[in-house]
Amino acid sequence: MNTALNVVRRGGLGLLAWLTGIVFFLPIAWMALTSFHSESDAATNPPSFTAALTLDSYREFFGVGGGASPWPALINSAMASVVSTLFVLLLAFPAAYALSIRRVRKWTDVLFFFLSTKMLPAVAGLLPIYLFAKNAGMLDNIWLLVILYTSMNLPIAVWMMQSFLAEVPVEVIEASRVDGARLPTILARVVAPISLPGVAATALICFIFSWNELLFARVLTGVVAETAPVFLTGFITSQGLFLAKVCAASLVVSLPVLAAGFTAQDKLVQGLSLGAVK
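Not measured: the values here are computed from a predicted model. Throughout this document, residue positions are counted from 1 along each chain, in the order its sequence is written. Local features in this predicted model are restricted to residues of pLDDT 70 or higher, and side-chain atom pairs are both shown and tallied only at a pLDDT of 80 or more, whereas totals for entire chains, interfaces and linings draw on every residue. With hydrogens and water excluded, all non-hydrogen atoms of the structure serve as input to the side-chain values.

A. How the structure looks around the overall build of the chain. Secondary structure elements follow DSSP: runs of H or I of four or more residues count as helices, runs of E of two or more count as strands, with numbering from the N terminus. Secondary structure summary: the chain contains 14 helices and two strands in total. For the chain, with 278 residues in total, the buried portion stands at 36%. Residue pairs in contact within the chain that sit at least 24 positions apart in sequence constitute 76% of those at least 6 positions apart. Counting every atom, the chain has about 16400 Å² of accessible surface; 70% of that belongs to carbon and sulfur. Only protein chains enter the accessibility calculation, which uses a 1.4 Å probe. A residue is then buried if its area is under 20% of the maximum for its type, exposed if over 50%, and partly exposed in between. Between two residues, a contact is recorded if the distance between any of their heavy atoms is within 4.5 Å. Each accessible area is a Shrake-Rupley result for a 1.4 Å probe, and residues are judged covered by the shown protein chains and nothing else.

Here's what the structure looks like:
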């Protein structure tokens, strides 16, 4: 009897998980389907599921026929996201080591300070950062976004990696010290391989945050350093909302994040669940 109830319970939970996944996937599927419709079919109410499919929205998005090319914006987003994520990992890894394994004095206060930096609304710092960038001659500069994204994601990365590195066995580190390994060698060859799932999870989240950031990119960039989210806002004009083209552009801009998540999904699950089971 208990066995049958357990089977039914597991089956119900599995069905609920599938239904939840489908509910979250439906908007993406709907966006993908709309992107293959013409503007007239995409604007129909109620929507038509049997409308003819076309690639016109993708042709217009990629500038076929004289439109603006999205490649500079995509390259800017990739550069800002990847470079800032690398900087975050380089800075957060030794900081997390000092807060988890070789703990500094009052390390909990340090963690609270990192967390407190995220309590200020981003819009509150927008004007000072704009004035600084203007006086420094860094407006419309991709390296300004790299610096901003690094500073914005660093507190989250330190918090995440501190919890991951806390699970590294201290005995392994002590054994490497007995063998004569110095701190850089311990970090690179001992701690990093063990905490790789956590590092991958942290890197993916920082990459997603950087790729999706719009507020600072919208205000601080123009033409040269325009990012993909800023480029997307150009499809909303006074002439109206071109729904099919917006869906096509949104799908293309979302592909790098989806690809990164799919590639690192095993490391992401391991990293986010690290320490959940003792």
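B. Quick look at a nonpolar patch on the surface. Like-charged residues within 9 Å of one another, or nonpolar side chains (Val, Leu, Ile, Met, Phe, Trp, Tyr) within 5 Å, are grouped into patches, provided each residue has over 30% relative accessible area and no salt bridge. What counts as a salt bridge is simple: a side-chain nitrogen of Lys or Arg found within 4 Å of a carboxyl oxygen of Asp or Glu. On the surface, a nonpolar cluster with roughly 570 Å² of combined accessible area is contributed by Leu15, Trp18, Leu19, Ile22 and Leu26. Along the polypeptide, leucine 26 turns up in helix H1 (residues 2–35).

C. How the structure looks around the pattern of salt bridges. Tallied over the full model, the rule gives two salt bridges. Of the charged contacts in the structure, one is a salt bridge between aspartate 56 and arginine 59, with a shortest N-O distance of 2.8 Å. In this pair, aspartate 56 and arginine 59 are both assigned in helix H3 (residues 56–61), three residues apart and thus about one turn of the helix distant. Relative accessible area serves as the criterion here: at 39%, aspartate 56 is assigned to the partly exposed category.

D. Just the side chain of threonine 54, in detail. Among the structural elements, threonine 54 can be located in the loop between helix H2 (39–42) and H3. Among the residues examined, threonine 54 registers a relative accessible area of 19% and is labelled buried. Here a polar contact is recorded for every N or O atom pair within 3.5 Å, except that within protein the pair must consist of a potential hydrogen donor and a potential acceptor, and residues adjacent in sequence are included only if both atoms are side-chain atoms. Of note is the side chain of threonine 54, whose polar atom sits 3.2 Å from the side chain of aspartate 56. In this structure threonine 54 touches Ser35, Phe36, His37, Ser38 and Arg59, once residues within four positions along its chain are discounted.

E. The arrangement of the nonpolar core in detail. Counting residues in hydrophobic clusters, the biggest one holds 28 residues, and the most contacted among them are Leu165, Ile173 and Val191. Put simply, the parts of the chain that give this core at least two residues each are helix H4 (71–100), helix H5 (107–116), helix H7 (142–165), helix H9 (183–194) and helix H10 (196–212). Leaving out residues up to four positions away in the same chain, leucine 165 has contacts with Phe93, Ala96, Tyr97, Ser100, Ile101, Val191 and Ser195. Take the buried Ala, Val, Leu, Ile, Met, Phe, Trp, Tyr and Cys residues and link them wherever side-chain atoms come within 4.5 Å; each set so joined is a nonpolar core. Formed by 17 residues, the second largest nonpolar core is a distinct cluster that contains Tyr58, Phe61, Phe231 and Val257.

F. The arrangement of the packing of aromatic side chains in detail. Think of it this way: a Phe, Tyr or Trp ring, Trp meaning its six-membered ring, pairs with another when their centres are within 6.5 Å, and the plane angle makes it stacked under 30 degrees, edge-to-face over 60, tilted otherwise. Counted according to the given criterion, the structure contains five aromatic pairs. Ring plane angle 75° and centroid distance 5.0 Å describe the contact between phenylalanine 61 and phenylalanine 62, whose orientation is recorded as edge-to-face. Residue phenylalanine 61 is classed as buried on the basis of its relative accessible area of 1%. Note on phenylalanine 62: relative accessible area 29%, which makes it partly exposed. Within the aromatic cluster, the residues linked to one another by ring pairs are Phe61, Phe62, Trp71 and Phe231.

G. A look at the environment of threonine 150. Along the chain, threonine 150 turns up in helix H7. Residues threonine 150 and leucine 91, 59 residues apart in the sequence, show an inter-C-alpha distance of 9.2 Å. What threonine 150 contacts, discounting residues up to four positions off in sequence, is Ser84, Phe87, Val88 and Leu91. There is a polar contact of 2.7 Å between the side chain of threonine 150 and the backbone oxygen of valine 146.

H. Molecular detail of the packing of H4 against H10. Axis angles are defined between N-to-C directions and span 0 to 180 degrees, where every axis is a line fitted to C-alpha atoms and, for a helix, only to the segment in contact. Packing of H4 against H10 leaves a shortest axis separation of 9 Å and a crossing angle of 140°. One way to sum up the angle between H4 and H10 is to call them oblique. Crossing of H4 over H10 shows right-handed handedness. Contacts between H4 and H10 involve Leu74, Ser77, Ala78, Ser81, Val82, Ser84, Thr85, Val88, Leu89 and Phe93 from the former and Val199, Thr202, Ala203, Cys206, Phe207, Ser210 and Trp211 from the latter. Each residue gets one of three labels, nonpolar for Ala, Val, Leu, Ile, Met, Phe, Trp, Tyr, Cys and Pro, charged for Asp, Glu, Lys and Arg, and polar for the others, Gly among them. Across the contact of H4 with H10, the residue classes break down as eleven nonpolar, six polar and no charged. To sort the angles, those under 35 degrees are grouped as roughly parallel, those over 145 as roughly antiparallel, those from 65 to 115 as roughly perpendicular, and the leftovers as oblique. Less than a right angle of anticlockwise turn of the near helix away from the far helix marks a crossing as left-handed, whereas a clockwise turn marks it as right-handed.

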